[in-house]
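Letter by letter, the chains look like this.
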Protein chains: 2
Amino acid sequence: MTTGLPMAFPTEGLPARVRVHEVGPRDGLQNEATLVPVEVKAEFVHRLADAGLRTVEVTSFVHPKWVPQLADAERLLPAVAGLADRPGADAVRLPVLVPNKRGLDRALALGARDVAVFASATESFARANLNRTVDESLEMFAPVVARAREAGAGARGYLSMCFGDPWEGPVPLDRVVGVCRRLLDLGCDELSLGDTIGVATPGHVTALLTALNEAGVPTGRLAVHFHDTYGQALANTLAALRHGVTTVDSSAGGLGGCPYARSATGNLATEDLVWMLHGLGIDTGIDLGRLTATSVWMADHLGRPSPSRTVRALAGRSTFQDVSRDSRDSHKEQ
Amino acid sequence: MTTGLPMAFPTEGLPARVRVHEVGPRDGLQNEATLVPVEVKAEFVHRLADAGLRTVEVTSFVHPKWVPQLADAERLLPAVAGLADRPGADAVRLPVLVPNKRGLDRALALGARDVAVFASATESFARANLNRTVDESLEMFAPVVARAREAGAGARGYLSMCFGDPWEGPVPLDRVVGVCRRLLDLGCDELSLGDTIGVATPGHVTALLTALNEAGVPTGRLAVHFHDTYGQALANTLAALRHGVTTVDSSAGGLGGCPYARSATGNLATEDLVWMLHGLGIDTGIDLGRLTATSVWMADHLGRPSPSRTVRALAGRSTFQDVSRDSRDSHKEQ
């Protein structure tokens, strides 16, 4: 990235710094068909840390029957735990997903200092994903979050289907606000608002954040988690930044969002996000070149190209001069 | 689109209506490897009109040696000209690109009422694309634009490399402003600001539009033409809308931007744009379902899937219920 691109244009009304919550090793690999060896995963997490990411969601302590891709959680977490002990600003937060009290106990026993629970804003998805009502799932999470906080761990609450639901269609704002309030009351210190099927648009994002503020939820407790299923993730992120959100979830190389797979969840690619943030003059601490190299390396392991547009644009082109041949050919003598 | 998605959230400070300038038949097909028969192109333009597009850039009167994909311009324009005579608000503008005076004469002889010239903000691209300096290319366009206006035709000026250039890197704002002023002085009634290599970010867009305003160029004369090479096109469009831009270029199905082609220019897909605009409560007059069906039909002709995320998300799924199976599978018991 010695080309001077993207040019940085600091923009009024946007945060000076954004924390990227990297979900590639967990949310990304969980949704990939290929089983990745634990050694490769550990190297992946280390490479992400070396590229400047300071929050890397590592794995999930779910029952291996449900997510075989993450069955190695008890070997992976110790293999990367040293990153959390790096000095000062180099320390990396390594949250793990815990589906229930048993999962939490396993995670805490391995020294986890940040955990996350995964709730749904809609009854349909709570039923499909957790085989529970929303109330029942929150009852299940209550002792998990309480125990985590007692142990001094951070507790993030994921909330899926915050904008649209595949069964129910549009999701009313007040429905989302209600579940958010309850997750905070349980003791979650951060909420990640998920657009699980990728249907949100920027005005919807602003409307939801405003409704949450009006219900007493401060923006500082909120992260956004957009999927690029309809290509809206980055525009939605821009709307969230304008509202003051400073924590954004994304997946290195767009892992988990292979565009031609039926099961694509379409995670926002960290590289596409970082290109925009750096163009806006927003500090992330991330080295885009090292991050892209990491995603290319992981794509090689998975045997398919990264769905990230920025990775595709930068990979294999040592300088911007390489781009010139394409532009010249395609626009010749228009 | 009977699902109620995207939900419409009209947003303060955005235009009530946007005119989409559809470039698929020209900019899109020009950059596709497959040669499309003229009958198919004519049907494509008609289908786009029937989907509600009211500006469809049809073709280019360039020498066939340079762009064999558009060598049928003299057969295609008469085959679609009737669309321009539809009554009232149903009339479709059918601009064509003209590289020089000879191309203009051919276009006017066939009844073209809107033409466009294609200039560059940078010397490197003017040299590569037109084998001329910027000055020489503007001298070449001067009589073209003058003659077009005398004949009562609209004259659009495309300006490429407005943000970054593959040889020169970052492009200074004042360089772009200077060429814009000269294109307006030639008589262009609209300028399309092109991010030909897709490197722009939203703050850069706002900075350029502001600089143009300060130089006396009103926003009402400006259109934006973003490429999705780095995934930024829609976020950049949002920034332009906030600045008051009401004309946005895009390509149905993302034609011309196949993500795995080395020659990809990465046109913003019209469907991804329309999803966002409708979500923002902005009127486009476009039927997204019919447009998506048109892009799927064209993708079949080209023998490859559309690179538009919205097309991929909607195509082959008769209802949103179909999405549910994917979400359920991929998130099962997190």
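Please read these numbers as outputs of a predicted model, since none were measured by experiment.

Things to note about the overall build of chain A
Link 1 in the chain: Of regular secondary structure, chain A possesses 13 helices and ten strands.
Link 2 in the chain: Referenced to the eigenvectors of the C-alpha coordinate spread, the extents of chain A come out at roughly 65 × 45 × 40 Å.
Link 3 in the chain: Each of the 334 residues in chain A was classed as buried or not, and the buried ones make up 64%.
Link 4 in the chain: Here the analysis covers contacts within chain A between residues at least 6 apart in sequence; of these, 76% occur between residues at least 24 apart.
Link 5 in the chain: Surface exposure of chain A reaches about 11000 Å², of which carbon and sulfur atoms provide 51%.
Link 6 in the chain: Computing the positive centroid from 33 side-chain charges and the negative centroid from 38, chain A places the two 3 Å apart.

Re unusual backbone geometry
Residues and elements named next belong to chain A.
Link 1 in the chain: Omega for the bond connecting Leu 5 with Pro 6 falls within 30 degrees of zero, at -5°, which places this linkage in the cis form.
Link 2 in the chain: Mapped onto the elements, Pro 6 comes out in the segment before strand E1 (19–22).
Link 3 in the chain: In this model, Met 161 sits at a positive phi of 60°, which is unusual for a non-glycine residue.
Link 4 in the chain: Mapped onto the fold, Met 161 is located in the loop between strand E5 (154–160) and strand E6 (164–165).
Link 5 in the chain: The class of Met 161 is buried, set by a relative accessible area of 0%.

A word on helix H6 (residues 134–150) of chain B
Residue and element names in this part refer to chain B.
Link 1 in the chain: Over its 17 residues, H6 runs 24 Å from end to end, which matches the ideal 24 Å to within 8%, given 1.5 Å per residue.
Link 2 in the chain: A maximum bend of about 30° is found in H6 at Phe 141, where proline Pro 143 lies one to four positions downstream.
Link 3 in the chain: Every buried residue of H6 is accounted for by Val 134, Ser 137, Leu 138, Met 140, Phe 141, Val 144, Val 145 and Ala 148.
Link 4 in the chain: Packed against the buried residues of H6 are helix H4 (101–109), strand E4 (114–120), helix H5 (123–130), strand E5 (154–160) and helix H7 (173–186).
Link 5 in the chain: A positive backbone phi angle near 80° is found at Gly 152, which sits one or two residues after H6.

Re the confidence of the model for chain A
All names here are of chain A.
Link 1 in the chain: Mean pLDDT for chain A: 91, with 91% of residues reaching 70 or above.
Link 2 in the chain: The low-confidence segment residues 259–263, where pLDDT is below 50, has 13 contacts with residues more than four positions distant or belonging to other chains.
Link 3 in the chain: Within the model, the stretch residues 318–334 combines pLDDT values under 50 with 53 contacts to residues more than four positions away or in other chains.

Digging into the pattern of salt bridges
All names here are of chain A.
Link 1 in the chain: On inspection of all chains with the given rule, the structure shows 38 salt bridges over all chains.
Link 2 in the chain: Here Arg 47 ties to Glu 43 by a salt bridge, and the two come within 2.9 Å at their closest N and O atoms. Here Arg 47 and its partner Glu 43 are both found in helix H2 (residues 38–50), four residues apart, which amounts to about one turn of the helix.
Link 3 in the chain: Taking the relative accessible area as the measure of exposure, Arg 47 reaches 27% and is therefore partly exposed.
Link 4 in the chain: The class of Glu 43 is partly exposed, set by a relative accessible area of 35%.
Link 5 in the chain: In this structure, Arg 181 engages Asp 185 in a salt bridge whose closest nitrogen and oxygen atoms are separated by 3.6 Å. With Arg 181 and Asp 185 both in helix H7 (residues 173–186) and four residues apart, this pair spans about one turn of that helix.
Link 6 in the chain: Note on Arg 181: relative accessible area 30%, which makes it partly exposed.
Link 7 in the chain: Linked through salt bridges whose partners overlap, the residues forming this network are Arg 19, Arg 156, Glu 190 and Asp 249.

Quick notes on the packing of aromatic side chains
Residues and elements named next belong to chain A.
Link 1 in the chain: Summed over all chains, the structure comprises eight aromatic pairs over all chains.
Link 2 in the chain: Ring plane angle 40° and centroid distance 5.7 Å describe the contact between Phe 118 and Tyr 158, whose orientation is recorded as tilted. A residue pair is termed long-range when its members are at least 10 positions apart, and Phe 118 in strand E4 (residues 114–120) and Tyr 158 in strand E5 qualify at 40 residues.
Link 3 in the chain: What makes Phe 118 buried here is its relative accessible area of 9%.
Link 4 in the chain: An angle of 45° between the planes, with centres 6.2 Å apart, marks the rings of Phe 163 and Phe 226 as tilted. Of the two residues, Phe 163 sits in the loop between E5 and E6 while Phe 226 sits in strand E9 (residues 222–226), which places them 63 residues apart along the sequence.
Link 5 in the chain: Classification of Phe 163 by relative accessible area gives buried; the value is 2%.
Link 6 in the chain: If you follow Arg 26 out to its NZ or CZ, it ends over the ring of Tyr 158, 5.4 Å from the centre.

Comments concerning the side chain of A:Thr310
Link 1 in the chain: Here A:Thr310 shows up in helix H12 (residues 309–314).
Link 2 in the chain: The class of A:Thr310 is buried, set by a relative accessible area of 0%.
Link 3 in the chain: Once residues lying within four places of it in the same chain are set aside, the contact partners of A:Thr310 are A:Glu271, A:Asp272, A:Trp275, B:Thr229 and B:Tyr230.

Concerning the pairing of strand E8 (residues 190–195) of chain A
All names here are of chain A.
Link 1 in the chain: Of all the six residues making up E8, six are buried; the element is thus mostly covered by neighbouring parts of the structure.
Link 2 in the chain: Judged by which residues are buried, E8 turns out to be covered on both faces: Glu 190, Ser 192 and Gly 194 on one side and Leu 191, Leu 193 and Asp 195 on the other are all buried.
Link 3 in the chain: As defined by bridge partners, E5 adjoins E8 across four bridges and the pair is classed as parallel. Following the sheet pairing, Arg 156 is matched in E8 by Glu 190.

With respect to the packing of helix H9 (residues 233–242) of chain A against helix H9 (residues 233–242) of chain B
Link 1 in the chain: Packing of H9(A) against H9(B) leaves a shortest axis separation of 7 Å and a crossing angle of 50°. Classified by the angle their axes make, H9(A) and H9(B) are oblique. With respect to the hand of their crossing, H9(A) and H9(B) are arranged in right-handed fashion. When H9(A) is examined against H9(B), the residues A:Leu234, A:Ala235, A:Leu238 and A:Arg242 are found in contact with a partner set consisting of B:Leu234, B:Ala235, B:Leu238 and B:Arg242.

A few points about the environment of B:Asn100
All names here are of chain B.
Link 1 in the chain: In this fold, Asn 100 is placed in the loop between strand E3 (96–97) and H4.
Link 2 in the chain: Linking Asn 100 and Thr 247, residues 147 residues apart in sequence, is a C-alpha distance of 25 Å.
Link 3 in the chain: Every residue in contact with Asn 100, bar those within four places of it in the chain, is listed here: Met 140 and Val 144.

So, the sheet that holds strand E9 (residues 222–226) of chain B
Residues and elements named next belong to chain B.
Link 1 in the chain: The sheet built from eight strands is open, its strands ordered E1-E10-E9-E8-E5-E4-E3-E2 with parallel pairing. Unpaired on one side and paired on the other, strand E1 (19–22) and strand E2 (59–60) mark the two borders of the sheet.
Link 2 in the chain: Relative to E9, strand E8 (residues 190–195) runs parallel, the two sharing five bridges. Among the inter-strand pairings, Ser 192 is bridged to a residue of E9, identified as Ala 223.

Procedures and definitions
- Residues numbered from 1 in each chain as written.
- Chains lettered and ligands numbered in written order.
- Predicted model: local features only at pLDDT ≥ 70, side-chain atom pairs only at ≥ 80, totals over all residues.
- Heavy atoms only, no water.
- Helix = DSSP H or I, 4+ residues; strand = E, 2+ residues; numbered from the N terminus.
- Buried < 20%, exposed > 50% of the residue type's maximum accessible area, 1.4 Å probe, protein only.
- Contact = heavy atoms within 4.5 Å.
- Areas by Shrake-Rupley, 256 points an atom, 1.4 Å probe, with all protein chains shown as cover.
- Lys, Arg positive; Asp, Glu negative; His and termini not counted.
- Charge placed at Lys NZ, Arg CZ, Asp CG, Glu CD.
- Expected span 1.5 Å × (residues − 1).
- Bend = angle between axes of the 7 residues up to and from the residue.
- pLDDT = per-residue confidence, 0-100.
- Salt bridge = Lys/Arg side-chain N within 4 Å of Asp/Glu carboxyl O.
- Phe/Tyr/Trp six-rings, centres within 6.5 Å; stacked < 30°, edge-to-face > 60°.
- Lys NZ or Arg CZ within 6 Å of the ring centre and 35° of its normal.
- Pairing = 2+ DSSP bridges.
- Axes fitted to C-alpha atoms, helices over the stretch in contact; angles between N-to-C directions.
- Parallel < 35°, antiparallel > 145°, perpendicular 65-115°, else oblique.
- Left-handed = near helix turned anticlockwise from the far one by under 90°.

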